[in-house]
Amino acid sequence: MDASIEGDGDVTAVGDQVAEAPRPAIPATAPARDAAAARARLWRTISVRLARAQRTVQRTVQSHLSSSLTRRIVVLNLGGLVALLAGFLYLNQFREGLIDARVQSLQTQGEIIAAAVAASATVDTDAISIDPEKLLKLAPGESASDADGSPLEFSLNPERVGPLLRRLVSPTRLRARIYDRDGFLLLDSRSVSGRSNILRFELPPAGGQPTTLDASSFLERSLEFVQRLSHRPELPLYEDIGMGNGKAYPEVGSALGGHIHSVVRANARGETIISVAVPVQRYRSVRGALLLSTMGGDIDAVIVTERWGIIRIFLVSAGVMLLISLFFTNTITEPMRRLAEAAERVRRGVKSRQEIPDFSDRPDEIGHLSGALRDMTKALYNRIDAIEHFAADVAHELKNPLTSLRSAVETLPIAKTEESRDRLLAVIKHDVGRLDRLISDISDASRLDAELARADMDVVDLLAALSTVVDLARAVERGDGVTIQLTVRSSPYDAPRSRWRVLGNDSRLGQVFNNLIDNGRSFSKPGGVVRVLLWPERAKGPGGQQIEGFEIIVDDDGPGIPDGAFERIFERFYTDRPEQGFGQNSGLGLSISRQIIEAHGGRIRALNRTRAHPQGTDEPHPGDAVLGARFVVWLPSAR
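Residues numbered from 1 in each chain as written. Predicted model: local features only at pLDDT ≥ 70, side-chain atom pairs only at ≥ 80, totals over all residues. Heavy atoms only, no water.

Re the overall build of the protein chain
Within the protein chain, the secondary structure is distributed over 14 helices and 17 strands. Among the 639 residues that make up the protein chain, the fraction classed as buried is 35%. When contacts within the protein chain are restricted to residue pairs at least 6 apart in sequence, those whose partners lie at least 24 apart make up 67%. Carbon and sulfur atoms form 57% of the exposed surface of the protein chain, whose accessible area is close to 39100 Å². (Helix = DSSP H or I, 4+ residues; strand = E, 2+ residues; numbered from the N terminus. Buried < 20%, exposed > 50% of the residue type's maximum accessible area, 1.4 Å probe, protein only. Contact = heavy atoms within 4.5 Å. Areas by Shrake-Rupley, 256 points an atom, 1.4 Å probe, with all protein chains shown as cover.)

What follows is the structure, given as structure tokens:
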């Protein structure tokens, strides 16, 4: 089939084949845009993370720098290193040792060179005549003839000394000068050429200053300045006399006298120069003197190198000390900062209760501080709760008698009979007495905490206090015939002077004992017995350790404590005395007693004595006969 589509079509068919005409290439912009967007997102993510890390580092650095404690710890730690470095540089034992070793080395070298010069360069005739002007005009390889006359005479042959001096002195970076026995300069190693000719050079100007500034010279000048400020003894000034008579140097004069002498000097630039003069002798006859001296800066370069080594060690140590100090302060300042912020939040917090960070697992002062702050905050919140509950309880307890009193007062004017008026007056009198008891007990309970906090704890003889309370209770006759018995059981292991001694407030402890005895007496039948027992008893502390103390037990033969009320009886305003009538008791006595005992570090609990548990239990079995109530008070002994 042959077909073709003309016009705007792009497809032609030839025979049985259909071919699509070439289409224009579409640029692949979508993948490129996706790749660019992915790169942009990746770059934004990296930028955000870098910015976040930078802010974190900045906050960390600012928090550390803003902490005065961090700065003090860092300064103190680095101050020790700085003092150690200053001590090393000031004492300068290495410098003194190096100078001594250098002097010994120069003496040994000087003796060797002087012996070589004496063996090969001395004049046998004891004199040699040389014309110095002609000697300077000699060509390389030529020598002066003995026939030539000269006005100068030498005890050492300069032509032999020159090559020998070059070979022995050149490798040592030393300056060697040969003086004859009259002190005149024959040779200077700085003026000897490589071919043993004697040449003359102009000496450099004295007192030249360095043209370059490097760390070593700056350090050395700084150290020398510090040394001058510390009034260290300065070295004598070295002056180059050039061609002058060598006897101007005291060491040369001593060497010409046959003695080895050394002098340590400093040039105008402050560089140390060591000079050693050795006599040149042959057959015990002094023919001249050899003066060896170090080049300026040789010893100082070694000293500066060693000092730089010390400073590098100091810098590394300071860096390590800085990191350790920052890590150390971070373990101190960061927890303290968090504790301070939490304490500030507790101070500002009104509606919510803020939590103090817990570092109590740390066995150090920070952990102790964290635990103390948490306990303090807990006690503060408990005190706030207690005040709120106390205020609510007081309002409730006062409202009842006030309501009854108001009703009686409003009803009194409309009472028709005398009997009704008397009954209303009795109600008013009863409510007024109830209000008086409530206000007295509430006043006592409200100032109890403050009084215990202000009162100074003193050693109290528990037996004496308990005996006094029992005697007073026996002296009060209530017409009930109740007998009060006191039993004391002492331990043979207690020391006599430490028996029955506790730390506390005797008046408040007496109040507790009086409340417990009155409570047992009020529940006892006529002619009953209230038994009081005192004996030493150990108890477990918060950590499980055994604590020495004393136990006071008060038993009665009354009906006992109702089931489920063993803890409720210590609540404020709780009372269960149906046989005594309503409003005869405020219900604050046992609550105040517990508060006093806990303030003394002790504990108090209520039990029922039953036939199955004559020693007392707070979980009696149903049907078990109750023999009476038991109150157990434990107080720690005074240490």
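Description of the packing of aromatic side chains
Applying the stated rule across the entire model yields three aromatic pairs. Pairing Y238 with Y249 gives two aromatic rings, centres 6.3 Å apart and planes at 0 degrees, and the pair type is stacked. Of the two residues, Y238 sits in the loop between α6 (215-229) and α7 (250-256) while Y249 sits in the loop between α6 and α7, which places them eleven residues apart along the sequence. Here the two residues Y238 and Y249 agree in accessibility, since each one is buried. Between the aromatic rings of W500 and F550, the centroid separation amounts to 5.4 Å while the plane-to-plane angle is 45 degrees, which identifies the pairing as tilted. (Phe/Tyr/Trp six-rings, centres within 6.5 Å; stacked < 30°, edge-to-face > 60°.)

Re the sheet that holds strand β17 (residues 626-636)
Sheet architecture is open: five strands sit in the order β12-β14-β15-β17-β16, paired in mixed fashion. Strands with a single pairing partner mark the edges of an open sheet, and in this sheet they are β12 (483-488) and β16 (603-610). Neighbouring strand axes in the sheet, compared pairwise and without regard to direction, differ in orientation by 25 degrees on average. Pairing of strand β14 (residues 529-540) with strand β15 (residues 546-555), which is carried by ten bridges, proceeds in the antiparallel orientation. Considered in β15, the bridge of L533 is made with I553. Sheet strands touched by helix α12 (residues 462-475): β12, β14, β15 and β17. Its angle to β12, the strand with the most contacts, is close to 165 degrees. In this fold helix α13 (residues 506-523) packs onto β12, β14, β15, β16 and β17, with an angle of close to 175 degrees to the strand it touches most, β17. (Pairing = 2+ DSSP bridges. Axes fitted to C-alpha atoms, helices over the stretch in contact; angles between N-to-C directions.)

Points about the pairing of strand β9 (residues 272-282)
Counting buried positions over the eleven residues of β9 gives nine, a clear majority of the element. Direction of pairing for strand β8 (residues 261-266) relative to β9: antiparallel, over a ladder of six bridges. Bridging from a neighbouring strand, V263 pairs with S275 of β9. Linkage of β8 to β9, two consecutive antiparallel strands, is achieved through a turn of five residues, within which G270 is found at a positive phi near 85 degrees. As defined by bridge partners, β9 adjoins strand β10 (residues 285-294) across eight bridges and the pair is classed as antiparallel. Looking at β10, one finds that V278 is bridged to L290. Counting the residues in the hairpin turn of β9 and β10 gives two residues, including Y283, whose phi is positive at 55 degrees.

Topic: α12
Relative to the 20 Å expected for 14 residues at 1.5 Å per residue, α12 spans 20 Å between its end C-alpha atoms, a close match to the ideal helical length. Within the sequence span of α12, burial applies to L462, A465, L466, V469, V470 and A473. Viewed end-on, α12 has its buried residues packed into an arc of 130 degrees, placing them on one side of the element. Exposed side chains of α12 directed beyond 90 degrees from the buried face belong to L472 and A475. Of the residues flanking the start of α12, the one acting as N-cap is D461, its side-chain oxygen 3.2 Å from the backbone nitrogen of L463. (Expected span 1.5 Å × (residues − 1). Arc of directions from axis to C-beta. Polar contact = N/O pair within 3.5 Å; in protein donor to acceptor, adjacent residues only side chain to side chain.)

Points about the sheet that holds β8
The five strands are arranged β7-β6-β10-β9-β8 in an open sheet whose pairing can be described as antiparallel. Two strands bound the open sheet, and with one partner strand each, they are β7 (185-188) and β8. Direction aside, the axes of adjacent strands within the sheet are offset by 20 degrees on average.

Re the side chain of S591
Its place among the elements puts S591 in helix α14 (residues 589-599). Among all residues touching S591, those that are not within four sequence positions of it are F570, E571 and R572.

Overview of the packing of α13 against α14
In the contact formed by α13 and α14, the axes pass within 9 Å of each other and the chain directions differ by 145 degrees. Viewed along their axes, α13 and α14 form a crossing whose handedness is left-handed. For the pair α13 and α14, the contacting residues are R508, L509, Q511, V512, N515 and L516 in the first and G589, L590, I592, S593, I596 and I597 in the second. Considered class by class, the residues forming the contact of α13 with α14 number seven nonpolar, four polar and one charged. (Left-handed = near helix turned anticlockwise from the far one by under 90°. Nonpolar A, V, L, I, M, F, W, Y, C, P; charged D, E, K, R; others polar.)

Here's the deal with the nonpolar core
Among the nonpolar cores identified, the biggest contains 44 residues, and L462, I552, I569 and F631 are the most heavily contacted of them. The element best represented in this core is α12, accounting for six residues. Residues within four places of I569 in sequence aside, it is in contact with I561, Y574, L590, A606 and F631. One finds V103, L106, L156 and L292 within the second-largest nonpolar core, a separate group that totals 25 residues. (Core = buried A, V, L, I, M, F, W, Y, C linked by side-chain atoms within 4.5 Å.)

With respect to the packing of α12 against α13
Their axes nearest at 10 Å, the elements α12 and α13 cross at an angle of 40 degrees. Classed by the angle they form, the pair α12 and α13 counts as oblique. In this structure, α12 crosses over α13, and the sense of that crossing is right-handed. Of the residues in α13, those touching α12 at L462, L466, V469, V470 and A473 are G510, F513, N514, I517 and R521. Looking at the contact of α12 with α13 residue by residue, the classes come out as seven nonpolar, two polar and one charged. (Parallel < 35°, antiparallel > 145°, perpendicular 65-115°, else oblique.)

What about the pattern of salt bridges?
Tallied over the entire structure, the rule returns 16 salt bridges. Between E548 and R538 there is a salt bridge, with the nearest N and O atoms lying 2.5 Å from each other. With a gap of ten residues between them, E548 in strand β15 and R538 in strand β14 connect regions that are remote in the sequence. By relative accessible area, which is 54% here, R538 ends up exposed. Linked through salt bridges whose partners overlap, the residues forming this network are R531, D555, D557, R609 and R630. (Salt bridge = Lys/Arg side-chain N within 4 Å of Asp/Glu carboxyl O.)

Comments concerning a nonpolar patch on the surface
On the surface, a cluster of nonpolar side chains totalling about 450 Å² of accessible area is made up of L42, W43, I46 and L50. Turning to its location among the elements, L42 is positioned in helix α1 (residues 29-65). (Patch = residues over 30% accessible without salt bridge, like charges linked within 9 Å, V, L, I, M, F, W, Y side chains within 5 Å.)

What about α13?
Taking 1.5 Å per residue, 18 residues should reach 26 Å; α13 reaches 26 Å between its end C-alpha atoms and fits that length. All buried positions along α13 are accounted for by R508, L509, G510, Q511, V512, F513, L516, I517, N519, G520, R521 and F523.

Looking at the environment of A408
In this structure, A408 sits in helix α9 (residues 365-411). By relative accessible area, which is 4% here, A408 ends up buried. Between the C-alpha atoms of A408 and A426, which are 18 residues apart in sequence, the distance is 9.4 Å. Ignoring sequence-local partners within four residues, the contact set of A408 consists of L424, V427 and I428.

The values are spatial; any link to function lies outside them.
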